[in-house]
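So the chains spell out like this:
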Amino acid sequence: MTHPRLEDAEAPQRSAVEELAIDDSSRKKFLKMTGSGAAASLALLIAACGSSKKSSSSSSQSSAPPPSSSNSGSSSKSGGDIDIVNYALTLEYLEAGFYEKVIASGLFKGKSLSTIKVFGEDEAKHVEALKGTAKQLGGKPAAKPKAKFPLKSASSVLKLAQTVEDLGASAYLGQAGKIKSKEVLAAALSIHTVEARHAATLNMLLGKSVTPDGAFAKPADMSTVLAAVKPFIVS
């Protein structure tokens, strides 16, 4: 009679990115699920997560938990993914609310307004997708936070939008290495690329580099991102 090896029983569950990095079969299935265009983004995620593993300690995850952490503190394997999904949902609530207020402000007209409306629609769809994902994982979607944004002028709003979108893209990249479910990783990957495209468009409008971090995007940990958006949340 054979017994499972002790080290196998005690081995921590791999993240989805780690499994995809070492398992050709899983990687092929994942790329088929997300589309061949995801290959470059997946390579970027693997590289970024690997390079930031030492600098992004687990303590950053616990220093500022997402609003719904009380709903997902069970021993369920998907508990960590629910926390990440609700963290992302909180950010998407803020982004969608920001664009709603920008559209209503009357600061933009013509093509600029049309672009902002598209961005707002994208963020609203992200909200609905993440709410659905949280429910599918057996958790409760995070509550929508009350928010306020300084809308003083068109130029200041564009700068704020660029900062928010850059932060959003970095936030998804920062969590990619912690996600266990390949389905959740696929959703995060698809949203991350859109956030990055939004940020690139805004950088171009502001006369900045569309790739401010160079050839490889930089991830941001949860505590850093939540600290950055805290001024916009009404307590």
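Every value quoted in this text rests on a predicted model; they were computed, and no experiment measured them.

**Quick notes on the overall build of the protein**
On a plain count of helices and strands, the protein comes out with 10 helices and 0 strands. What you see in the protein, going N to C, is helices and strands ordered as α-α-α-α-α-α-α-α-α-α. Taking all 235 residues of the protein together, the buried fraction comes to 40%. A fraction of 81% describes how many contacts in the protein between residues 6 or more apart in sequence connect residues 24 or more apart. Summed over its atoms, the accessible surface of the protein is roughly 12800 Å², and 57% of this surface lies on carbon and sulfur atoms.

**Brief notes about helix H8 (residues 154-176)**
End to end, H8 covers 33 Å across 23 residues, agreeing with the expected 33 Å (1.5 Å per residue, within 8%). Judged by how many residues are buried, H8 sits mostly within the fold: 17 of 23 residues are covered.

**Things to note about the side chain of serine 181**
Residue position: serine 181 is located in the loop between H8 and helix H9 (182-205). In this structure the side chain of serine 181 is engaged in a polar contact, spanning 3.2 Å, whose partner is the backbone nitrogen of valine 184.

**Topic: the pattern of salt bridges**
If you walk through the whole model with that rule in mind, you get 1 salt bridge. For lysine 131, the salt bridge identified is with glutamate 128, shortest N-O distance 3.7 Å. Here lysine 131 and its partner glutamate 128 are both found in helix H7 (residues 110-136), 3 residues apart, which amounts to about one turn of the helix.

**Side note on helix H10 (residues 222-229)**
Taken together, the buried positions of H10 are occupied by Met222, Val225, Leu226 and Val229. Projected onto a plane normal to the axis of H10, the buried residues spread over an arc of 95° and lie on a single side.

**Things to note about the packing of H8 against H10**
Two elements in contact, H8 and H10, have axes separated by 9 Å at closest approach and are oriented at 155°. Of the possible angle classes, the one that applies to H8 and H10 is roughly antiparallel. For the pair H8 and H10, the sense of crossing is left-handed. Listed contacts from H10 to Leu167, Ala171 and Gln175 of H8 are Met222, Val225, Ala228 and Val229. The class makeup of the residues in the contact of H8 with H10 is 6 nonpolar, 1 polar and no charged.

Reading guide: rules and limits
- Residues numbered from 1 in each chain as written.
- Predicted model: local features only at pLDDT ≥ 70, side-chain atom pairs only at ≥ 80, totals over all residues.
- Heavy atoms only, no water.
- Helix = DSSP H or I, 4+ residues; strand = E, 2+ residues; numbered from the N terminus.
- Buried < 20%, exposed > 50% of the residue type's maximum accessible area, 1.4 Å probe, protein only.
- Contact = heavy atoms within 4.5 Å.
- Areas by Shrake-Rupley, 256 points an atom, 1.4 Å probe, with all protein chains shown as cover.
- Expected span 1.5 Å × (residues − 1).
- Polar contact = N/O pair within 3.5 Å; in protein donor to acceptor, adjacent residues only side chain to side chain.
- Salt bridge = Lys/Arg side-chain N within 4 Å of Asp/Glu carboxyl O.
- Arc of directions from axis to C-beta.
- Axes fitted to C-alpha atoms, helices over the stretch in contact; angles between N-to-C directions.
- Parallel < 35°, antiparallel > 145°, perpendicular 65-115°, else oblique.
- Left-handed = near helix turned anticlockwise from the far one by under 90°.
- Nonpolar A, V, L, I, M, F, W, Y, C, P; charged D, E, K, R; others polar.

Function-wise, these values are silent; they only describe arrangement.
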